[in-house]
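Now for the letters of each chain:
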Amino acid sequence: MISKKLIETDFTLDLVFNAFNEIESIEDDIKEIIKKTSNIVNLKNIIIVEDGSTDGTSERLKELRKKYQIKLNQSEQRRGYSRALVDGINSAESDFIFFSDLGGKFHWEDISKLIQYLPEHDFVLGIRVNRTDQKYRQLLTYFYSSYIRIFYSIKSKDPDSGFRIYKKSLIKNILSYTIHNKHLLNSEFTIKCLKRGAKYKEVDINYIKREGSSRGLPLKIIPSVIISTIVNSFKIKKQVKLYE
């Protein structure tokens with residue numbers, strides 16, 4: 001339920017969603033997003049960032065654009081998650097930018113939980129609770145989050161959660177500097193936002209195991225990602241010292 005205070009507040013919001021090979025669920029997701037956000041008067045744009053899908057998602061989105069009020073940011077070639085995320089943020093126009101993946105992992109009504117803390121906060125992060133995804137992924141999140149908190153001396157329960165809202169001026173400033181972790185981009189943004197002194201709020205959201213195969217990091221590349229993340233941690237730590 002959106003508060004009266006929110007409705008009376010003068011700011012705009014764009015919703016940005018990343019999509020790759022979502023042909024089975026793309027229309028249902030869009031319909032549910034529109035339904036669950038219809039009472040958000042601050043909402044300006046719903047932007048779908050489609051990343052070189054090979055299953056017909058690209059063509060389907062072009063059809064859906066005629067049926068629903070959505071904007072598309074598409075690429076014929078696979079950009080990769082980090083490039084698509086950055087392109088999506090750069091395509092947004094509003095004062096605040098919400099970002100999430102599609103694929104049935106979230107309850108879209110939880111967007112309203114985050115919005116109620118605007119515009120007083122610069123960065124609002126959805127903390128994944130009641131998780132039904134694989135136990136090993138939950139353990140990876142636990143250990144990675146613990147590492148982030150200790151290494152960078154920040155307070156964030158779930159720094160790599162992909163359900164978040166940024167103040168546009170804040171994230172644009174972050175993007176003006178080199179980004180190091182292409183596989184764990186969200187956590188890098190969290191670190192940099194907090195080190196910049198952003199007014200920060202955490203909100204519990206539900207997280208569901210997506211149907212079909214997981215789109216998370218494949219097990220076979222996790223060891224190399226861990227090594228690169230540790231190496232990049234020192235680069236990021238040096239970089240954020242410029243903020244202090």
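Bear in mind that the values here come from a model prediction, so they are computed numbers and not experimental data.

Colleague: Got a sec to walk through the overall build of the chain? Specific residues and values, please.
Modeller: Looking only at helices and strands, the chain features nine helices and seven strands. Taken over C-alpha atoms, the radius of gyration comes to 17 Å for the chain, in line with the 18 Å a tight globule of 244 residues would show. Expressed as lengths along the three principal axes of its C-alpha atoms, the size of the chain is roughly 50 × 45 × 35 Å. Burial statistics for the chain: of 244 residues in total, 52% are counted as buried. If you take every contact in the chain between residues at least 6 apart in sequence, the share linking residues at least 24 apart comes to 81%. Put simply, the chain shows about 12,100 Å² of open surface, and 52% of that area lies on carbon and sulfur atoms. The averaged location of the 31 negative side-chain charges in the chain is 6 Å from the averaged location of its 42 positive side-chain charges.

Colleague: Lay out the nonpolar core in plain terms, naming residues and giving numbers.
Modeller: Counting 35 residues, the largest nonpolar core has I89, F123, I171 and F189 as the members making the most contacts within it. Among the elements of the structure, strand 2 (43-51), helix 4 (81-91), strand 4 (96-101), strand 5 (123-129), helix 6 (135-152), helix 7 (168-175), helix 8 (185-195) and helix 9 (222-240) are those that each provide at least two residues to this core. A total of five residues in this core trace back to one element, the largest contributor, which is helix 8. Sequence-distant contacts of I171, that is, excluding residues within four places in its chain, are made with I89, I97, Y166 and F189. With 31 residues, the next largest nonpolar core counts F11, A19, I30 and I205 among its residues.

Colleague: Tell me about a nonpolar patch on the surface, and name the residues and values.
Modeller: On the surface, L139, Y142 and F143 cluster together to form a nonpolar patch covering roughly 360 Å² of accessible area. Residue placement: Y142 occurs in helix 6. Assessed through its relative accessible area of 51%, Y142 is described here as exposed.

Colleague: With reference to specific residues and values, describe the confidence of the model for the chain.
Modeller: Should the pLDDT be low somewhere, the predicted coordinates at that spot are not to be read in detail. With 92% of its residues at a pLDDT of at least 70, the chain reaches an overall mean of 91. Least confident of the elements in the chain is helix 1 (residues 4-8), whose mean pLDDT is 46; most confident is strand 6 (residues 164-167), at 98.

Colleague: Got a sec to walk through the pairing of strand 5? Specific residues and values, please.
Modeller: With six of seven residues buried, strand 5 lies mostly within the body of the structure. Sheet topology places strand 5 next to strand 6; three bridges connect them, and they run antiparallel. Residue pairing across strands places F123 opposite Y166, the latter belonging to strand 6. Across seven bridges, the pairing between strand 5 and strand 7 (residues 200-206) is parallel. Residue pairing in the sheet places G126 in a bridge with V203 of strand 7.

Colleague: Break down the sheet that holds strand 5 for me, with residues and values.
Modeller: Strand order in the open sheet made by the seven strands is 3-2-1-4-6-5-7, with mixed pairing throughout. Each having just a single partner strand, strand 3 (71-75) and strand 7 make up the two edges of the open sheet. Strand after strand, the sheet turns through a mean of 20° between neighbouring axes, direction not considered. Sheet strands in contact with helix 4 are strand 1 (13-19), strand 2, strand 3, strand 4 and strand 6, and its direction is about 155° off that of strand 2.

Colleague: Hey, could you go over the packing of helix 2 (residues 26-36) against helix 3 (residues 57-67) for me, with residue numbers and the actual values?
Modeller: Where helix 2 contacts helix 3, the two axes come as close as 11 Å, and the packing angle between them is 30°. Taken as axis vectors, helix 2 and helix 3 run roughly parallel relative to one another. As helix 2 runs across helix 3, the sense of the crossing is right-handed. In this structure, helix 2 uses I26, E27 and I30 to contact helix 3, whose residues at the interface are R60, L61, L64 and K67.

Colleague: Outline the side chain of K105, listing residues and values.
Modeller: The residue K105 is located in the loop between strand 4 and helix 5 (111-115) in this model. Side chain to side chain, K105 and D101 meet in a polar contact 3.3 Å long.

Colleague: Got a sec to walk through the environment of E109? Specific residues and values, please.
Modeller: You can see E109 is positioned in the loop between strand 4 and helix 5. A residue is classified by how much of its surface remains accessible, and E109, at 37% relative accessible area, is partly exposed. As for E109 and I205, which are separated by 96 residues in sequence, their C-alpha atoms are 9.5 Å apart.

Parameters and conventions
- Residues numbered from 1 in each chain as written.
- Predicted model: local features only at pLDDT ≥ 70, side-chain atom pairs only at ≥ 80, totals over all residues.
- Heavy atoms only, no water.
- Helix = DSSP H or I, 4+ residues; strand = E, 2+ residues; numbered from the N terminus.
- Rg over C-alpha atoms; globule rule 2.2 N^0.38 Å.
- Buried < 20%, exposed > 50% of the residue type's maximum accessible area, 1.4 Å probe, protein only.
- Contact = heavy atoms within 4.5 Å.
- Areas by Shrake-Rupley, 256 points an atom, 1.4 Å probe, with all protein chains shown as cover.
- Lys, Arg positive; Asp, Glu negative; His and termini not counted.
- Charge placed at Lys NZ, Arg CZ, Asp CG, Glu CD.
- Core = buried A, V, L, I, M, F, W, Y, C linked by side-chain atoms within 4.5 Å.
- Patch = residues over 30% accessible without salt bridge, like charges linked within 9 Å, V, L, I, M, F, W, Y side chains within 5 Å.
- Salt bridge = Lys/Arg side-chain N within 4 Å of Asp/Glu carboxyl O.
- pLDDT = per-residue confidence, 0-100.
- Pairing = 2+ DSSP bridges.
- Axes fitted to C-alpha atoms, helices over the stretch in contact; angles between N-to-C directions.
- Parallel < 35°, antiparallel > 145°, perpendicular 65-115°, else oblique.
- Left-handed = near helix turned anticlockwise from the far one by under 90°.
- Polar contact = N/O pair within 3.5 Å; in protein donor to acceptor, adjacent residues only side chain to side chain.

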